[in-house]
Amino acid sequence: MSAPLSSRRRFVKGAVGSTAFLLLAGQHLPGRAFAALKLDEKPAFFSPEEFRFLQAACECIYPSDSYGPGATALGAPVFIDRQMDTPYGRGELWYMAGPFQDGPANLGYQLPFAPRDLYRKGIAGANHYARAQRGKGFADLSQKDQIEILTAFEGGAIHFPDMNARLFFEQLRRNTLEGVFSDPVHGGNRHMQGWLLLSFPGARADFMDWVNQEGAAYPFGPVSLSGQKA
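Please read these numbers as outputs of a predicted model, since none were measured by experiment. (Residues numbered from 1 in each chain as written. Predicted model: local features only at pLDDT ≥ 70, side-chain atom pairs only at ≥ 80, totals over all residues. Heavy atoms only, no water.)

## Considerations on the overall build of the protein chain
- What the protein chain contains, in helices and strands, is nine helices and zero strands.
- Ordered by position from N to C terminus, the α and β elements of the protein chain give α-α-α-α-α-α-α-α-α.
- A buried classification covers 43% of the 230 residues belonging to the protein chain.
- Put simply, the protein chain shows about 12,000 Å² of open surface, and 55% of that area lies on carbon and sulfur atoms. (Helix = DSSP H or I, 4+ residues; strand = E, 2+ residues; numbered from the N terminus. Buried < 20%, exposed > 50% of the residue type's maximum accessible area, 1.4 Å probe, protein only. Areas by Shrake-Rupley, 256 points an atom, 1.4 Å probe, with all protein chains shown as cover.)

This is the structure:
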């Protein structure tokens, strides 16, 4: 394994929950040809304008580089769209009773909005902020402007009518990474490119031949829950 790829893998593992994902997007990295992968899915929950926001924002959070495709080509926006019509997206798996109040970040999510409502309100707030500050909707801005706006959201100083923008950003970042590295049956991680980056074997059922072989390279590629192989 080459040193650059090793470094990028360590970066991916360590950057979850940090601004580093946004900073990486600002670099002029090679490999944009990966974005030519087929992207013909139509959103089931989000409007076309909302879905354009997702595609642009997810790509800022997890951009393509010379080692693999970015979030959009990997299908992370499709993954998020599909999640909105599940018990998770409808908030059926969350404690949603009151009282609701602004609390410190270490107490977790405190709002009355299910993920699908959080996205709808958050995207509307983000587009309103982008138009007010930069004169265009978020998806129509340059990636540099998009990164600056997302960084402002992450910082916690921006407030939408119904929430602090940081809460929306954290939801978006978490779901983007889930879409990049989830099993492909859920709509993301196309062609298991996210798993291939990390040398993750996927849903293989039997690893007994490789137990206690420290340092030995695992020779098989990843497998999806559907049985598809990379």
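## A look at helix α8 (residues 165-181)
- Taking 1.5 Å of rise per residue, the 17 residues of α8 would be expected to cover 24 Å, and the 25 Å separating its terminal C-alpha atoms lies within 8% of that figure.
- Within the sequence span of α8, burial applies to Ala165, Phe168, Phe169, Gln171, Leu172, Arg173, Asn175, Thr176, Leu177, Gly179 and Val180.
- Regarding α8, its N-cap is Asn164, as a side-chain oxygen of that residue lies 2.8 Å from the backbone nitrogen of Arg166 further along. (Expected span 1.5 Å × (residues − 1). Polar contact = N/O pair within 3.5 Å; in protein donor to acceptor, adjacent residues only side chain to side chain.)

## Focus on the packing of helix α3 (residues 48-61) against helix α5 (residues 76-83)
- For the pair α3 and α5, interaxial distance at closest approach is 9 Å and the crossing angle is 130 degrees. Taken together, the axes of α3 and α5 are oblique relative to one another. Helix-helix and strand crossings are classified by hand; for α3 and α5 the assignment is right-handed. Counting all contacts with α3, which are made through Phe51, Leu54, Gln55 and Cys58, the residues of α5 involved are Pro77, Val78, Ile80 and Asp81.
- Class assignment for the residues of the contact of α3 with α5 results in six nonpolar, one polar and one charged. (Axes fitted to C-alpha atoms, helices over the stretch in contact; angles between N-to-C directions. Parallel < 35°, antiparallel > 145°, perpendicular 65-115°, else oblique. Left-handed = near helix turned anticlockwise from the far one by under 90°. Contact = heavy atoms within 4.5 Å. Nonpolar A, V, L, I, M, F, W, Y, C, P; charged D, E, K, R; others polar.)

No statement about biological role is implied by the geometric values presented.
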